[in-house]
Amino acid sequence: MLTRIKALVLLTLTLMLAGCGFQLRGGDSLPPELQRLVLDGDDKTQFYRLVSARLLRAGAQLVENDGDTPVLTIGALGQGNTTASIQPTGDTLEYAARFGTRFTLDLPDEPRQVFNVTFNRSFLDKSDQALASSREQQQLREQMELEAAEQIVRQLSRLSF
């Protein structure tokens, strides 16, 4: 009897979550108009490969440009650092890193749509551990490339035509 009540409560909660539109992250699917897509950008970068993999996972078929297919053009991922906090000696203790890119979507017979992806992260300056600091910055950049690729696909999946 108790297991039936638990099952009923679980079923009710599941139906309530599904009814309110809740979706797990990573379950993005592209609109039908973007199922066939041309991806344009620097195909030798890790960022391009990440965007390409995320698009394929979302159900897109990447094709060559035939003039009748939507074209997604991604720019390079830019990074800028500013000082976030300073030690009493005047040395920088923490940096705020700003990451961003711009991408455009060109649909046949439609005006170009321009999107921006930007976000901020902070990291500590470990001047006494230069190798660890450079490795931390490299890992942060890799994480931001992955996050930017996921945000691009998420923004495309929200488009309605």
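Residues numbered from 1 in each chain as written. Predicted model: local features only at pLDDT ≥ 70, side-chain atom pairs only at ≥ 80, totals over all residues. Heavy atoms only, no water.

Caption draft 1: Up close: the overall build of the chain. Looking only at helices and strands, the chain features 3 helices and 6 strands. Mapped from its N terminus to its C terminus, the chain presents α and β elements in the order α-β-α-β-β-β-β-β-α. Of all 161 residues assigned to the chain, the portion counted as buried reaches 31%. Of the contacts made within the chain by residues no fewer than 6 positions apart, 64% connect residues no fewer than 24 positions apart. Surface exposure of the chain reaches about 10600 Å², of which carbon and sulfur atoms provide 52%. (Helix = DSSP H or I, 4+ residues; strand = E, 2+ residues; numbered from the N terminus. Buried < 20%, exposed > 50% of the residue type's maximum accessible area, 1.4 Å probe, protein only. Contact = heavy atoms within 4.5 Å. Areas by Shrake-Rupley, 256 points an atom, 1.4 Å probe, with all protein chains shown as cover.)

Caption draft 2: Local environment of the nonpolar core. Residues Leu55, Leu72, Ile74, Leu105, Ile152 and Leu156 are the most contacted members of the largest nonpolar core, which totals 31 residues. Looking at this core, the elements with two or more residues in it are strand E1 (36–40), helix H2 (46–57), strand E3 (71–74), strand E5 (92–106), strand E6 (113–124) and helix H3 (130–157). The element that contributes the greatest number of residues to this core is H3, accounting for 7 residues. If we skip the residues at most four places from it in the chain, Leu105 touches Leu34, Leu37, Pro70, Val71, Leu72, Pro111, Arg112, Gln113, Phe115, Leu156, Leu159 and Phe161. (Core = buried A, V, L, I, M, F, W, Y, C linked by side-chain atoms within 4.5 Å.)

Caption draft 3: The confidence of the model for the chain, seen in detail. Looking at the chain, the pLDDT average stands at 84 and 88% of residues meet or exceed 70. Across the chain, the element-wise mean pLDDT spans from 78 in helix H1 (residues 2–19) up to 96 in E3. (pLDDT = per-residue confidence, 0-100.)

Caption draft 4: Just the packing of aromatic side chains, in detail. If you walk through the whole model with that rule in mind, you get 2 aromatic pairs. Ring geometry for Phe99 against Phe119: centres 6.2 Å apart, planes inclined by 25°, an arrangement best described as stacked. With Phe99 in strand E5 and Phe119 in strand E6, this residue pair connects regions lying 20 residues apart in the sequence. Across the pair, exposure class does not vary: Phe99 and Phe119 are buried alike. Taken together, a centroid distance of 4.9 Å and an interplanar angle of 15° make the contact between Phe103 and Phe115 stacked. Placement of the pair is Phe103 in strand E5 and Phe115 in strand E6, with a sequence separation of 12 residues. For Phe115, a relative accessible area of 15% corresponds to the buried category. (Phe/Tyr/Trp six-rings, centres within 6.5 Å; stacked < 30°, edge-to-face > 60°.)

Caption draft 5: Representation of the pattern of salt bridges in the model. By the definition in use, this model includes 5 salt bridges. Asp43 is the salt-bridge partner of Lys44, the closest N and O atoms lying 3.7 Å from each other. Judged by relative accessible area, Asp43 falls into the partly exposed class, the value being 43%. A salt bridge links Glu145 to Arg141, with the nearest nitrogen and oxygen atoms 3.8 Å apart. You can see Glu145 and its partner Arg141 sitting in helix H3, 4 residues apart, about one turn around the helix. (Salt bridge = Lys/Arg side-chain N within 4 Å of Asp/Glu carboxyl O.)

Caption draft 6: Here's a closer look at the pairing of E6. Direction of pairing for E5 relative to E6: antiparallel, over a ladder of 12 bridges. Bridge pairing in E6 places Ala97 opposite Arg121. Hairpin connection from E5 to E6: 6 residues lie between these consecutive antiparallel strands, with Asp109 at a positive phi of about 60°. (Pairing = 2+ DSSP bridges.)

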